[in-house]
Amino acid sequence: MLRDSFLFLSRAGWAQTAITRFPLAWQMASRFVAGETIDAAIAVIRALNAKGLDVTLDFLGESMTNEAEATHAANEYVCALEQIAASGVRSNVSIKLTQFGLDLDYDFCLRNVRRVAEKARAVGTFLRVDMEGTPHTDRTLQLVRDLRQDFDNVGTVLQAYLYRAEQDLIELAGNGTRIRLCKGAYQEPPDKAFPLKADVDANYVKLAKILLDLAHSAAPADDAGRGPPLAALATHDEQMITAAKTHIAEKSIPRDRFEFQMLYGVRRDLQEQLAREGFAVRAYVPYGTHWYPYFMRRLAERPANVWFFVSNLFKR
Ligand SMILES: Cc1cc2nc3c(=O)[nH]c(=O)nc-3n(C[C@H](O)[C@H](O)[C@H](O)COP(=O)(O)OP(=O)(O)OC[C@H]3O[C@@H](n4cnc5c(N)ncnc54)[C@H](O)[C@@H]3O)c2cc1C
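Residues numbered from 1 in each chain as written. Predicted model: local features only at pLDDT ≥ 70, side-chain atom pairs only at ≥ 80, totals over all residues. Heavy atoms only, no water.

Peer 1: Got a minute to help me understand the packing of aromatic side chains in this structure?
Peer 2: Think of a pair of aromatic rings as described by two things: how far the centres are apart, and how the planes are tilted against each other in angle. Within the structure shown, the criterion is met by 11 aromatic pairs. With a centroid separation of 4.8 Å and an interplanar angle of 75 degrees, the aromatic rings of Y163 and F194 are classed as edge-to-face. Pair noted here: Y163 is in the loop between strand 4 (154-159) and helix 8 (165-174) and F194 is in the loop between strand 5 (179-182) and helix 9 (197-217), with a separation of 31 residues, a long-range link. Members of the aromatic cluster, joined through ring pairs, are W26, F32, W291 and F295. A cation over a ring is seen here: R255 above F279, with NZ or CZ 3.8 Å from the ring centre. Looking at R298, its charged tip hangs above the ring of Y294, at a distance of 4.4 Å from the centre. (Phe/Tyr/Trp six-rings, centres within 6.5 Å; stacked < 30°, edge-to-face > 60°. Helix = DSSP H or I, 4+ residues; strand = E, 2+ residues; numbered from the N terminus. Lys NZ or Arg CZ within 6 Å of the ring centre and 35° of its normal.)

See below:
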């Protein structure tokens, strides 16, 4: 119920105007967001790298309503990739296709993303296409397939709450597409996604095992060592992580075949602990001024975040 309310607010323009007026909103969002500029983000990446964590960088923005905004997002990513290369930090990038104009025109979006994929390839790094809500799933996967005709430094994300995820996983990871497996962060109807958390969790464990096995048996990619592994398990859920670790130990899966991923500002203790244990860990680091929907989804994920936010809002 609370989760649904925050997911609804994440899409409501009037709520964005109302909530972002409070300086405290940014103060709280900044727990999850590296800053508003690329320089602030690079400083955060450097600090995370020093703790043994790799990074994927996200320039915040989604649901662009005109081509100028979408072109600006691609330009920003090209600059960010130049800064990553110039500063020598360990980071790839993650993008959202609605930020690149997916809702405006498929071919425009593809051309826009290609520019960033080319720059990523030129600086020897990787581009991950995030997964948004189900109105975008088919087009996102199609665009990833189209991109991969020319770019092997492109991968994507699958959401374990979707019934279709297993089929997509077998197709995509089976053909060498690098996959980040997450539970899923959007509001979805029961004919598309498991409504019960227990079922989402069970499906996550099932799919994580399939993905790990595919990563185990896959031939190493041409850019192995530079690119991320085939399997990325994105979760802060210790039960998911324990189940994955058990499977990894039982099957003797080498540690260079997978990585754990977590969001900047969430379970930092767990991120650093896994890195100390010798696992590859990548933090997802967002930056930019369009932080509102991202922040609302983080509140939706954890009721304790909501109560902290609301009580502080009304204390002022
Ligand atoms: C690297 C990364 C990339 C992602 N990319 C996508 C994507 O492309 N598309 C998409 O739909 N979703 C994406 N997600 C979000 C994901 O789908 C989940 O919504 C989110 O990770 C919460 O699920 P969980 O696996 O951590 O488990 P949950 O069951 O939600 O949480 C388990 C525990 O983790 C901790 N926790 C989880 N979330 C928070 C939070 N916000 N604040 C504080 N503690 C928290 C709490 O201790 C909680 O009890 C991504 C997540 C990560 C980590």
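Right, picking up where we left off after that structure.
Peer 1: I would appreciate a short explanation of the nonpolar core in the present structure.
Peer 2: Soluble globular proteins: nonpolar side chains tend toward being buried together. Membership of the largest hydrophobic core comes to 82 residues, with the highest contact counts inside it found for L57, V113, L127, L233 and V285. In this structure, V113 is in contact with I95, L97, F100, L127, L143 and L147, ignoring residues within four places of it in sequence. The next biggest cluster of nonpolar side chains, apart from the first, holds 24 residues, and it includes A12, L24, F32 and Y292. (Core = buried A, V, L, I, M, F, W, Y, C linked by side-chain atoms within 4.5 Å. Buried < 20%, exposed > 50% of the residue type's maximum accessible area, 1.4 Å probe, protein only. Contact = heavy atoms within 4.5 Å.)

Peer 1: Quick question: what am I supposed to make of the site of the ligand here?
Peer 2: In the vicinity of the ligand there are 25 residues, among which K183, G184, K197, T235 and E301 approach most closely. Contact between the ligand and K183: an oxygen atom at 2.7 Å from a side-chain N or O atom of the residue. Considered on its own, the ligand offers 920 Å² of accessible surface; in the complex 88% of this is hidden by protein. Mapped onto the shell around the ligand, the elements with two or more residues apiece are strand 4, strand 5, strand 7 (258-263) and helix 12 (292-301). For the shell around the ligand, the element with the highest residue contribution is strand 7, accounting for three residues. Considered class by class, the residues forming the shell around the ligand number 10 nonpolar, six polar and nine charged. (Near = heavy atom within 4 Å. Polar contact = N/O pair within 3.5 Å; in protein donor to acceptor, adjacent residues only side chain to side chain. Areas by Shrake-Rupley, 256 points an atom, 1.4 Å probe, with all protein chains shown as cover. Nonpolar A, V, L, I, M, F, W, Y, C, P; charged D, E, K, R; others polar.)

Peer 1: Which parts of the structure should I look at to understand the side chain of R180?
Peer 2: If you trace the backbone, R180 turns up in strand 5. Here R180 falls in the buried class, since its relative accessible area comes to 6%. Polar contacts involving the side chain of R180 include one to the side chain of D130, which spans 2.9 Å. Among residues more than four places away in sequence, those in contact with R180 are T56, S94, R128, D130, T156, V157, L158, A232, A234, Q261 and Y284.

Peer 1: Please explain the packing of helix 9 against helix 10 (residues 238-250) as it appears in this structure.
Peer 2: Relative to each other, helix 9 and helix 10 sit at 30 degrees, their axes nearing to 10 Å. Taken as axis vectors, helix 9 and helix 10 run roughly parallel relative to one another. Classified by chirality, the crossing of helix 10 by helix 9 is right-handed. Across the interface between the two elements, D201, Y204, V205, K209, L212 and D213 of helix 9 pack against M240, A243, A244, H247 and I248 of helix 10. (Axes fitted to C-alpha atoms, helices over the stretch in contact; angles between N-to-C directions. Parallel < 35°, antiparallel > 145°, perpendicular 65-115°, else oblique. Left-handed = near helix turned anticlockwise from the far one by under 90°.)

Peer 1: Any chance you could explain the environment of E277 here in plain terms?
Peer 2: Structurally, E277 is set in the loop between helix 11 (268-276) and strand 8 (281-287). Assessed through its relative accessible area of 33%, E277 is described here as partly exposed. Remark: the alpha-carbon pair of E277 and Y204, spanning 73 residues in sequence, is separated by 23 Å. Residues in contact with E277, not counting those within four places in the same chain, are K245 and R255. A distance of 2.7 Å separates a polar atom in the side chain of E277 from a polar atom in the side chain of K245. Reaching out from E277, the side chain makes a polar contact with the side chain of Q273 at a distance of 2.8 Å.

Peer 1: Help me understand unusual backbone geometry in this model?
Peer 2: Trans peptide bonds make up most of the peptide bonds, and negative phi angles are found at most residues other than glycine. The phi angle at S252 is positive, at roughly 50 degrees, despite the residue not being glycine. Along the polypeptide, S252 turns up in the loop between helix 10 and strand 7. Residue S252 is classed as exposed on the basis of its relative accessible area, which comes to 57%. Even without glycine at this site, R267 takes up a positive phi of about 50 degrees.

Peer 1: Help me understand helix 1 (residues 2-10), please; the structure alone is not making it clear to me.
Peer 2: Within the sequence span of helix 1, burial applies to F6, L7, L9 and S10. Within helix 1, the buried residues cover an arc of 160 degrees as seen down the axis, which keeps them to one side. (Arc of directions from axis to C-beta.)

Peer 1: Would you mind showing me how to read the pattern of salt bridges here?
Peer 2: Side chains bearing opposite charge may pair, as long as their charged atoms lie close to each other. Inspection of the entire model under this criterion finds 23 salt bridges. Salt-bridge contacts for R297 lead to E62; the nearest nitrogen and oxygen are separated by 3.0 Å. Here R297 is found in helix 12, whereas its partner E62 is found in the loop between strand 1 (54-59) and helix 5 (67-87), with 235 residues between them in sequence. Assigned by exposure class, R297 and E62 land together as buried. Between R180 and D130 there is a salt bridge whose closest N-O contact spans 2.9 Å. Of this pair, R180 sits in strand 5 while D130 sits in the loop between strand 3 (127-129) and helix 7 (137-148), and the two are 50 residues apart along the sequence. (Salt bridge = Lys/Arg side-chain N within 4 Å of Asp/Glu carboxyl O.)

Peer 1: Looking at this model, I keep getting lost on helix 5. Mind explaining?
Peer 2: Along an α-helix, residues three or four positions apart point the same way, because every turn accommodates 3.6 residues. The end-to-end C-alpha separation of helix 5 is 30 Å, in line with the 30 Å expected for 21 residues at 1.5 Å each. Turning to helix 5, its buried residues number three or more, namely A70, A73, A74, E76, Y77, V78, A80, L81 and I84. In this structure, the buried side of helix 5 is in contact with helix 4 (38-50), strand 1, strand 2 (91-95), helix 6 (106-122) and strand 8. Immediately downstream of helix 5, the backbone of G88 shows phi near 75 degrees, a positive value. (Expected span 1.5 Å × (residues − 1).)

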